[in-house]
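Structural characterization, general
Listed here are the chains, written in short residue letters.
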Amino acid sequence: MIPVLILFGVLLGRWWRSSLAVAALGWPAVLVATDVMDVGAGLLGAAVLAVVNTGAGVLLHQGVRLAVRRLRAS
């Protein structure tokens, strides 16, 4: 599921604050809704990992965006 969160970050990296917030709240909700995890302390760790993985996708998006802007400016 890590690639799903990275792809989520890449696709919504322009709105990085919102995408990180949705990952922090949405991923644990998906895990609880699909009975993968119960509500508990482990869910906080899942939220942190979701933010880290989505953040990697956001950084990739922002890096490509910055590179494209620099190429267009030159």
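As shown above, the structure is provided for reference.
Residues numbered from 1 in each chain as written. Predicted model: local features only at pLDDT ≥ 70, side-chain atom pairs only at ≥ 80, totals over all residues. Heavy atoms only, no water.

With six residues, the main nonpolar core is built from Leu5, Ala23, Trp27, Leu31, Ala46 and Ala50. Of all the secondary structure elements, the ones that give two or more residues to this core are α2 (16-33) and α3 (41-73). Ranked by residue count, the leading element in this core is α2, at three residues. (Core = buried A, V, L, I, M, F, W, Y, C linked by side-chain atoms within 4.5 Å. Buried < 20%, exposed > 50% of the residue type's maximum accessible area, 1.4 Å probe, protein only. Helix = DSSP H or I, 4+ residues; strand = E, 2+ residues; numbered from the N terminus.)

This paragraph deals with the side chain of Thr54. The residue Thr54 is located in helix α3 in this model. With near-sequence residues (within four places) excluded, Thr54 lies in contact with Leu5, Phe8, Gly9, Ser19, Leu20 and Ala23. (Contact = heavy atoms within 4.5 Å.)

Backbone geometry at Asp35 places phi at a positive 60°, although glycine is not the residue there. Within the secondary structure layout, Asp35 lies in the loop between α2 and α3.

Moving on, we come to the packing of helix α1 (residues 2-11) against α3. Taken N-terminus to C-terminus, the directions of α1 and α3 make an angle of 45°; their axes are 6 Å apart at the nearest point. With respect to α3, the element α1 is oriented oblique. In terms of crossing hand, the pair formed by α1 and α3 is right-handed. Contact residues: α1 offers Ile2, Leu5, Ile6, Phe8, Gly9 and Val10, while α3 offers Ala50, Asn53, Thr54, Gly57, Val58, Leu60 and His61. Per-class residue counts for the contact of α1 with α3 are eight nonpolar, five polar and no charged. (Axes fitted to C-alpha atoms, helices over the stretch in contact; angles between N-to-C directions. Parallel < 35°, antiparallel > 145°, perpendicular 65-115°, else oblique. Left-handed = near helix turned anticlockwise from the far one by under 90°. Nonpolar A, V, L, I, M, F, W, Y, C, P; charged D, E, K, R; others polar.)

In this section: the packing of α2 against α3. Packed helix pairs are specified by the crossing angle of their axes together with the interaxial distance, meaning the distance between the axes. Their axes nearest at 8 Å, the elements α2 and α3 cross at an angle of 145°. For the crossing formed where α2 meets α3, the hand is right-handed. Note on element contacts: α3 touches α2 through Leu43, Ala46, Ala47, Ala50, Val51, Thr54, Gly55, Val58 and Gln62, opposite Trp16, Ser19, Leu20, Ala23, Ala24, Trp27, Pro28, Leu31 and Val32. Among the residues making up the contact of α2 with α3, the classes are represented as 14 nonpolar, four polar and no charged.

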